[in-house]
Amino acid sequence: MPTVSVKRDLLFQALGRTYTDEEFDELCFEFGLELDEITSEKEIISKEQGNVKAQGASDVVLYKIDVPANRYDLLCMEGLVRGLQVFKERIKAPVYKQVMPKGEIQKLIVTEETAKIRPFAVAAVLRNIKFTKDRYDSFIELQEKLHQNICRKRALVAIGTHDLDTLSGPFTYTAKRPSDIKFRPLNKTKEYTACELMNIYKSDNQLKHYLHIIENKPLFPVIYDSNGVVLSMPPIINGNHSKITVNTRNVFIECTGTDFTKAKIVLDIIVTMFSEYCENQFTVEAAEVVSPNGKSNTFPELAYRKEIVRADLINKKVGIRETPSNLAKLLTRMYLKSEVIGDGNQIEIEIPPTRADVIHACDIVEDAAIAYGYNNIQMTMPKTYTIANQFPLNKLTELLRLDMAAAGFTEALTFALCSQEDIADKLGLDISATNAVHINNPKTAEFQVARTTLLPGLLKTIAANRKMPLPLKLFEISDIVVKDSSKDVGAKNCRHLCAVYYNKSPGFEIIHGLLDRIMQLLDVPPGEKRGYMIQASAGPAFFPGRCAEIFVRGQSIGKLGVLHPDVITKFELNMPCSSLEISVEPFL
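Residues numbered from 1 in each chain as written. Predicted model: local features only at pLDDT ≥ 70, side-chain atom pairs only at ≥ 80, totals over all residues. Heavy atoms only, no water.

Draft legend 1. Expanded view of the state of the cysteines. Applying the stated rule across the entire model yields 0 disulfides. Cysteine 28 carries a free sulfur, and the closest cysteine sulfur to it, the one in cysteine 76, is 15 Å from it. For cysteine 28, a relative accessible area of 1% puts it in the buried group. (Disulfide = S-S within 2.5 Å. Buried < 20%, exposed > 50% of the residue type's maximum accessible area, 1.4 Å probe, protein only.)

Draft legend 2. Looking closely at the pairing of strand β19 (residues 346-351). Two elements, strand β17 (residues 305-310) and β19, share 6 bridges in a ladder whose sense is antiparallel. Bridged to valine 309 within β19 is isoleucine 347. Both strand β18 (residues 337-341) and β19 contribute to a ladder of 5 bridges, which runs antiparallel. The residue of β19 that forms the bridge with valine 340 is isoleucine 347. Linkage of β18 to β19, two consecutive antiparallel strands, is achieved through a turn of 4 residues, within which glycine 342 is found at a positive phi near 60 degrees. (Pairing = 2+ DSSP bridges. Helix = DSSP H or I, 4+ residues; strand = E, 2+ residues; numbered from the N terminus.)

Draft legend 3. Summary view of the side chain of threonine 248. In this fold, threonine 248 is placed in the loop between β13 (237-238) and β14 (251-257). Here threonine 245 takes part through its backbone nitrogen, which lies 2.8 Å from a polar atom of the side chain of threonine 248. With sequence-adjacent residues up to four places away left out, threonine 248 is seen in contact with Ile129, Phe131, Asp163 and Lys243. (Polar contact = N/O pair within 3.5 Å; in protein donor to acceptor, adjacent residues only side chain to side chain. Contact = heavy atoms within 4.5 Å.)

Draft legend 4. Focus on the side chain of asparagine 315. Considering the arrangement of structural elements, one finds asparagine 315 in helix α9 (residues 311-318). Looking at asparagine 315, the relative accessible area reads 14%, which means it is buried. Once residues lying within four places of it in the same chain are set aside, the contact partners of asparagine 315 are Ile320, Arg321, Glu322 and Leu327.

Draft legend 5. Summary view of the packing of helix α5 (residues 77-87) against helix α8 (residues 260-274). It is at 9 Å that the axes of α5 and α8 come closest, and there the two elements cross at 70 degrees. It follows that α5 is roughly perpendicular to α8 by the angle criterion. In contact with Glu78, Gly79 and Arg82 of α5, α8 contributes Thr272, Met273 and Phe274. For the contact of α5 with α8, the per-class residue count stands at 2 nonpolar, 2 polar and 2 charged. (Axes fitted to C-alpha atoms, helices over the stretch in contact; angles between N-to-C directions. Parallel < 35°, antiparallel > 145°, perpendicular 65-115°, else oblique. Nonpolar A, V, L, I, M, F, W, Y, C, P; charged D, E, K, R; others polar.)

Draft legend 6. Molecular detail of the environment of arginine 8. In this fold, arginine 8 is placed in helix α1 (residues 8-15). Here the alpha-carbon distance between arginine 8 and valine 60, two residues 52 residues apart in the chain, equals 7.8 Å. Excluding residues that lie within four positions of it along the chain, arginine 8 makes contacts with Asp21, Val61 and Tyr63.

Draft legend 7. Layout of the sheet that holds β19. Spatial ordering of the open sheet is given by β17-β19-β18, a layout of 3 strands whose pairing is antiparallel. Looking along the sheet, the strands with just one partner apiece sit at the ends: β17 and β18. If you compare each strand with its neighbour and ignore which way they point, the axes differ by 25 degrees on average. Sheet strands touched by helix α10 (residues 324-333): β18 and β19. Its angle to β18, the strand with the most contacts, is close to 165 degrees.

Draft legend 8. Just unusual backbone geometry, in detail. The step from glycine 169 to proline 170 runs through a cis peptide bond, and the omega angle for that step is 0 degrees. With respect to the helices and strands, proline 170 occurs in the loop between β7 (157-163) and β8 (171-176). Cis peptide bonds are those with omega within 30 degrees of zero, and the linkage from phenylalanine 299 to proline 300 qualifies with 0 degrees. Mapped onto the fold, proline 300 is located in the loop between β16 (296-299) and β17. Of note in this structure, leucine 302 is not a glycine but carries a positive phi near 45 degrees. Along the polypeptide, leucine 302 turns up in the loop between β16 and β17. Classification of leucine 302 as buried rests on a relative accessible area of 6%.

The structure is reproduced here in structure tokens:
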């Protein structure tokens, strides 16, 4: 959950009254928040860097408040205060409006070069805004909170804010070769090319985390004004020329990204939170964005939408008995203006642009529960009595684990993800024959696919423990994953049992004996039709003539045998090894 730090005295001033720490903690709980910590800047620095560094730091009391990750409207003091005031019914929720400028509308022209990098852009203007030091700090902090949250560390959306009075529209959002982009970045004293900036920021503690987003691209995104002045190079840095300050009166906001919906949400949140400080409160000046195909759209959308939910549904889901009019009042307190319509059992809810978290009826039900108060919901006995039962597959797995350990084998728990090499090349298979589920854009070569067999994990475990006394006898009972077009997700899990014996001699008879013991425990007698049998087989992972396929009631459930020397060598082992791997599910 994101944590918002606000100055206590400033917060109480905005709320119009003071609270004790206990009272404010209770208020946060009622509103669905949590007062995480009461501290100060001096105390924070003292904890992190020591008392010497903390000297001279502010003693102003700070409240650190945990906010739900999807409540983007509560990530700054302005939204927090507005939400609490509406909740306590001290004010009505403001109505946000998009207005057209008296003069020419500001335009942001998007070129086709951006299509393969960050294709989407939205923009707006906060006209005649009045900043103070605290308001300005909150404005900057909100951008950072959004970058870390909904913007996914600028990968999906990057925010740029500029002093409009220092610029001349229309603006152009394009993409150029890094060597062709040159400007003075924020808080720097000279101009640099984009290539030089990428090298400089590799040592910057804050910006180095965003470089990977564009550093390997042939073109870098950049925004210019009509005079060729660089506003920003998203998602890395803004230009110093249009830097906003406490004295800035007109703010041009642009959001660029790879997710159009999230870009619109981010823009809506910023302008709704700070339009409060504009000369005409809660109004936002529109900006026109021209797409590469020539189509024009004005932003911000500030769209209100309506949902209808039945009162009896809310009562049933929450476990309360409230009249529709009372439920409408509860929802209105949660910034969802509501009224009873139709047959008297339907509630029409107006969802403002600040509440992008409200997607389904269940979100509305949850807000009704918060406003009613979780502690006020009467505890009742469930109407249906059930007795919990262990999932049969897990119950069988636990029993097998105990008996495998009793047979002298040690359980291992290995990663469900592995490299393509582990399940294919090292076992003498082609990756296309494994039916493996591949990870899109894997972060490391060690985790490229979901495992299709438990054997590689056990062999890697043995390789990491070669110095342990012999013999090494390991087993694992876990899921493997294979493609299955009949499933809605295109894949399925299968529970497997795998055992490995590693010693100076192959120990095939020990693995075979283990199979017999497992079948005895599962009450499966030897026999071709109603029992189990093994049949000579072959496999690239096994030594020729030392491999057998296992059949239970005529169905193949796995293989056992002596591993091929090439397989043993590829897993960095130097002694013979026998293995057994079977599917557990046929025994249910």
